[in-house]
Amino acid sequence: MSEENENIENSLIPVEGKRPPHLFVLPLLNVVPLPGMVFPVAVRPGRPQITVERALEQGEMVALFFSEREVSPDSKNAVGGKDLFPIGVFAKIIRRVKLPDGNWTVFVQCIQRVQLDKVIREQPFFLGRVEYLHDKVKPSKKMDALIRNVGNLVSAYIQSAEHLPDEISMSLMNIQDPGALTDFIGGNFPVPPDDRLDLLETLDVTKRLERISIILLKEIELAKLGTQLNDDLSQKIEERQKEYMLREQIKLIRKELGEEKDEREELREKYEAKIAELEIPEEVAERINHEMDRMSSMMPEAAEYHVIRTYLDWLTALPWSQSTEDHLDLKAARKILDDEHYGLDDVKERILEFLAVRKIKPDSKGSILCFVGPPGVGKTSLGRSIAHAMGRKFHRFSLGGMRDEAEIKGHRRTYIGAMPGKLIQSLKTVQVKNPVLVLDEIDKAGSDWRGDPSSALLEVLDPEQNHNFLDHYLDVPFDLSEIFFVATANVMDTIPRPLLDRMEVIQIAGYLPEEKVEIAKRHLLPKQMEKHGLKKRQLSVSQTALKIIVSHYTRESGVRNLDRELARLCRKIAMAVATSRRPVIAKVKAEADVIKYLGAPKVSDDLLERIKRPGVAVGLAWTPVGGDVLCIETSRMMGKGKVQLTGQLGEVMSESAHIALSYVKSHASQFNLTTEEFDKWDLHIHFPAGAVKKDGPSAGITIATALISLFSGKTIKPKLAMTGEITLTGNVLAVGGLREKVVAARRQGIKTVIVPAANRKDIEELKPDLVKGLRFVYAKTYDDVCSEVLKL
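Everything numeric here is computed off the predicted structure, so don't read it as measured data. (Residues numbered from 1 in each chain as written. Predicted model: local features only at pLDDT ≥ 70, side-chain atom pairs only at ≥ 80, totals over all residues. Heavy atoms only, no water.)

(A) Just the state of the cysteines, in detail. One pass over the full model with this rule turns up zero disulfides. Unpaired in this structure, Cys631 has its nearest cysteine sulfur neighbour in Cys786, at a distance of 19 Å. (Disulfide = S-S within 2.5 Å.)

(B) Just the environment of Gln249, in detail. Considering the arrangement of structural elements, one finds Gln249 in helix H7 (residues 205-257). Each C-alpha atom of the pair Gln249 and Pro513 lies 76 Å from the other, and the pair is 264 residues apart in sequence. (Helix = DSSP H or I, 4+ residues; strand = E, 2+ residues; numbered from the N terminus.)

(C) Spatial organisation of the layout of surface pockets. The computed volume of the second largest pocket comes to approximately 720 Å³. Taken together, 33 residues make up the lining of the second largest pocket; nearest its centre are Gln507, Ile508, Ala509, Arg739 and Glu740. The set of elements that each furnish at least two residues to the lining of the second largest pocket consists of helix H12 (345-360), strand S16 (616-623) and helix H26 (738-748). Per-class residue counts for the lining of the second largest pocket are 16 nonpolar, eight polar and nine charged. (1 Å grid on protein atoms, 1.4 Å probe; cavity = no way out; pocket = protein on both sides within 12 Å on 5 of 7 lines; lining within 4 Å. Points joined across faces, edges and corners; volume = space filled by probe spheres on them. Nonpolar A, V, L, I, M, F, W, Y, C, P; charged D, E, K, R; others polar.)

(D) Structural detail: the side chain of Asp563. Among the secondary structure elements, Asp563 is positioned in helix H20 (residues 560-579). Residue classification places Asp563 among the buried positions, given a relative accessible area of 16%. Sequence-distant contacts of Asp563, that is, excluding residues within four places in its chain, are made with Leu524, Lys527 and Gln528. (Buried < 20%, exposed > 50% of the residue type's maximum accessible area, 1.4 Å probe, protein only. Contact = heavy atoms within 4.5 Å.)

(E) Layout of the environment of Arg502. Position of Arg502 among the secondary structure elements: in the loop between helix H17 (497-501) and strand S13 (504-507). Note: C-alpha distance between Arg502 and Ile87 (415 residues apart in sequence) is 85 Å. With sequence-adjacent residues up to four places away left out, Arg502 is seen in contact with Ile368, Leu458, Leu461, Asp462 and Gln465. A polar contact of 3.0 Å, which involves the side chain of Arg502, links it to the backbone oxygen of Leu458. A polar contact is formed between the side chain of Arg502 and the backbone oxygen of Pro498, at a distance of 3.0 Å. (Polar contact = N/O pair within 3.5 Å; in protein donor to acceptor, adjacent residues only side chain to side chain.)

(F) Structural detail: the packing of helix H11 (residues 330-340) against helix H13 (residues 379-390). Two numbers describe how H11 lies on H13: the axes approach to 9 Å, and their chain directions differ by 150°. By the criterion of interaxial angle, the relationship of H11 to H13 is roughly antiparallel. Helix-helix and strand crossings are classified by hand; for H11 and H13 the assignment is right-handed. Residues Ala333, Ile336, Leu337 and Glu340 of H11 touch H13, and the partners they reach there are Ser385, Ile386, His388 and Ala389. Partitioning the contact of H11 with H13 into residue classes produces five nonpolar, two polar and one charged. (Axes fitted to C-alpha atoms, helices over the stretch in contact; angles between N-to-C directions. Parallel < 35°, antiparallel > 145°, perpendicular 65-115°, else oblique. Left-handed = near helix turned anticlockwise from the far one by under 90°.)

Written out as structure tokens, the structure reads:
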């Protein structure tokens, strides 16, 4: 043995009154040691056990250091000196226990802080030179205050933390040294490893007291929070236990009375009875039985139990086989339709055709109609009349603003609050599988990242597919083929073409003034009188008064504003009845009577006055709310031939204006004009109602007529209107919306209407009542227009 090794061996032997400068080193992987701590250490075979064995031979002294690098038991890389936290503790091995698996457990008592100065050797045992560290104690008032504060915090923590043993409280009372107090608290209280390392390397007792105060404050807050959470949890458990005990007592009471029956058994009996009653399809019955088996194996308190129960409620609440019998008496159906709606012969004829087919072939599938027309013409109420005429139940829901595909197809049951789509909900409401179902405002269904309802409707409105409709929530097919679908829309432009192809479109134009008078007389006025509590003898309105209300107080395609004006009239009479002591008998016969109750006319008929000057022509326009009469005004001022267009015009209409101007300029001599005239004037073409957007090519011949009238100084014929697209060569092309435009002309008092010759067939298809009193001029070229309008 060399002299150096002999000196080291001698230095390991403790001398009374002195501590050896060299100690065997035992790395700790999961414990941060502090002086005063007593705890077990697991010692694995190999270097750790050799180190402990040598330590026991040399005086049972070791140095414990926390390893900052975690090493798995199977790792071949042992912890070295560089992996250790520089400050550790000098400890004494109290006891060694050998375990059957070859591992040891040694119990150590930590005595004093030490610092590892040098690693002497790492194999076959771990040996190092250490420096013994001492606490730095400087008595002061601050230290006294900190000691008192730590004592109070310890007392508060012991009260809030119920898990601490009583021995700890007794031990704390016997500790007088402030350094030992901080080490005891740090070693026996639940202090995080990082904070314990901080305490280990802090020799200044005052700073240790400050840090232990902060640690105790955090632990007290955590202990209070934990206690509160435990109290809340205990309360919930007690409530559930109480509920459980009460339910068990109820079961016992029912058992004694002979009424005992499990909730799940009751539900199963209810669902089985519904299966037998409803004649549910086999596939659906199998799904119900499968879900009932799942529910029977669950406790009623389980969340999935209520999900399954809701699902079964939906499956057993639907009309799988219930249906109403159609009334196939065509005469009775026609009478119902005529009584509830005036006019609309095309629609009524289509409904009667459907009933006729059902009468001949009872197993024919449902029909899909789409009523397109301006607001207020009775599209939705027609659906209700269809249901009444057929003896079916009626239901409607609006698609306006709907953006989620799940509103049609339903939500999948994996989502909280999932439910079927609107179609299945509607069938549950009416409790039959063949209702008349109105899909209102189908042209206003939107789409976004959640889906496209219009695409979901493709399956619903396809007779070849809807007999097997699959709602995401139900997840079993449902037959929609017997439903009579009625969709309503104001315009067709926003309806996707594939969806439009699945429906039979029926155009409903606006009402004529004569039709509005009849509707008011037969339906609106009696309804409003009943609504306002008026009797027939208290109010009578003549035919003449109704005509005045229609023509001077409303201007619309439908009858909603007319209904409001009649409601206003009824309110005036109701006010008189309520405040008068004498019986009130109101007779509205002439214009003066109407003005008395409704005030001055709201619609001014100044069209004839506006066209009594050159440069103004009357055109006919189609709008989403029906036809309209459009006055086109032109003006000129000295300039260089510039053209200004105003009136919220679209691109097509602007192009149409330039085409009309080019045609007039290129054919100036034909109209007794010169091209030079156009070059020295600036033109302004205005389309009144400037706040309303306008577009389309049908105003072409009207713009050309207004320009010729302006430069020739001649006015157009009174009570004449026109519509048609003009080309650069003067041809007049066909346009759309003829029925609505004719209705607008009749409403405005027009007598002569110029239309393209290509639209003759459209005019001839109109009902005689609609074209009564109108003279139509069919124009192939603009020469036909000019010869009729200006007589040049």
